[in-house]
Amino acid sequence: VERSRGLGDVYKRQVYIIFAVLSLFSLTLIFNDNIWFDEAYTLSLIQHNYSDIINILKSDMHPPLYFLSLKTFCSIFGYSITTTKIFSAIGYIATLFLGCTIIKKHYGSKTSIFYMLTVGAVPMMLYFSVQQRSYSWSIFFVTLCFIESLLFIANKKFHHCILFAIAGLGAAYNHIYALLAAVSYTHLTL
């Protein structure tokens, strides 16, 4: 019993070490001025006021949540390429943080470690983690939506249903493909 308790403590520490390393690795990617056309669109769009952003997006295919959130973040921390990349990196870090919190709580430290290593092992996750597009936040909302749908199915607790709905709305208003994923989880849950 003493040996298994010692291993459990090791796993608990490893969860936070893995989270810190993967988070810092993502943050090291923000220190460049490389942008591509879609990112230039984002940088241009957030220079407008909030009502103009909504009006522009009415004729675009992108839902407004990411752009309005990014504008608010930049209004607080300044308009720069680094600031916009930090905002996207926070979405990636939030996705990793689900491993330290919800997944660890409900599925244990080993599953939490496996989750974070899996997220960190996907090369496109790091690539998207610093793009000034809605991808990292879409991944966060879709992942949270999925986790909460599983917890609601398993536990039938109302707070999981509320978090599922909030994450689903976050996904839906963040990106079209995230909307499709959230709708599929809704179908799964119902």
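Numbering of residues begins from 1 in every chain and follows the order in which that chain's sequence is written. In view of the model being predicted, local features appear only for residues whose pLDDT reaches at least 70, and side-chain atom pairs are presented and counted only at 80 or more, with totals across whole chains, interfaces and linings using the full set of residues. Side-chain descriptors were evaluated using all non-hydrogen atoms of the structure, hydrogens and water having been removed beforehand.

1. Points about the layout of surface pockets
How we decide: Here the term cavity refers to a set of points on a 1 Å grid, laid over the protein atoms alone, in which a 1.4 Å probe fits but cannot get out; the term pocket refers to an open set having protein on both sides within 12 Å along at least five of seven lines, with lining residues being those that place an atom within 4 Å of a point. Grid points are joined across faces, edges and corners, and a volume is the space filled by probe spheres set on the points. Side-chain classes follow a simple rule in which Ala, Val, Leu, Ile, Met, Phe, Trp, Tyr, Cys and Pro form the nonpolar group, Asp, Glu, Lys and Arg form the charged group, and the remainder, Gly included, forms the polar group.
If you add up the space inside the largest pocket, you get close to 160 Å³. Lining the largest pocket are Leu29, Asn32, Asn34, Trp36, Glu39, Lys85, Leu126, Tyr127, Val130 and Gln131. Grouping the amino acids of the lining of the largest pocket by side-chain chemistry returns five nonpolar, three polar and two charged.

2. As for the environment of Ser88
We count it as follows: The helix count covers DSSP runs of H or I at least four residues long, the strand count covers runs of E at least two residues long, and both are numbered beginning at the N terminus. Relative accessibility decides the category of a residue: with a 1.4 Å probe and only protein chains considered, values under 20% of the type maximum give buried, values over 50% give exposed, and everything between is partly exposed. Whether two residues touch is decided by their heavy atoms; if any such pair falls within 4.5 Å, the residues are in contact.
Mapped onto the secondary structure, Ser88 falls in helix 5 (residues 81–107). Residue Ser88 is classed as buried on the basis of its relative accessible area of 0%. Through-space distance from the C-alpha of Ser88 to that of Tyr127 is 11 Å; in sequence the pair is 39 residues apart. In contact with Ser88, not counting residues within four places along its chain, are Tyr66, Ser129, Val130, Gln131, Gln132, Arg133, Ser136 and Trp137.

3. Remarks on the nonpolar core
Here is the rule: For the purposes of this section, nonpolar cores are sets of buried Ala, Val, Leu, Ile, Met, Phe, Trp, Tyr and Cys residues that join through side-chain atoms within 4.5 Å.
Membership of the largest hydrophobic core comes to 42 residues, with the highest contact counts inside it found for Tyr92, Leu96, Leu98, Met116, Trp137 and Phe140. Per element, the largest residue contribution to this core is nine residues, and it comes from helix 5. Beyond its immediate chain neighbours, meaning those up to four positions away, Leu98 contacts Ile103, Tyr115, Phe140, Thr143, Leu144 and Ile147.

4. Notes on the side chain of Ser134
We count it as follows: Distance and chemistry together define a polar contact, namely a pair of N or O atoms within 3.5 Å, with one atom able to donate a hydrogen and the other to accept it when in protein, and with adjacent residues in sequence counting only for side-chain atoms on both sides.
You can see Ser134 is positioned in the loop between helix 7 (123–129) and helix 8 (135–155). In this structure Ser134 comes out as buried when scored by relative accessible area, which is 5%. Within the local environment of Ser134, its side chain forms a polar contact with the backbone oxygen of Asn174, the two atoms lying 3.4 Å apart. The residues touching Ser134, leaving out its near neighbours within four places in the chain, are Tyr66, Asn174 and His175.

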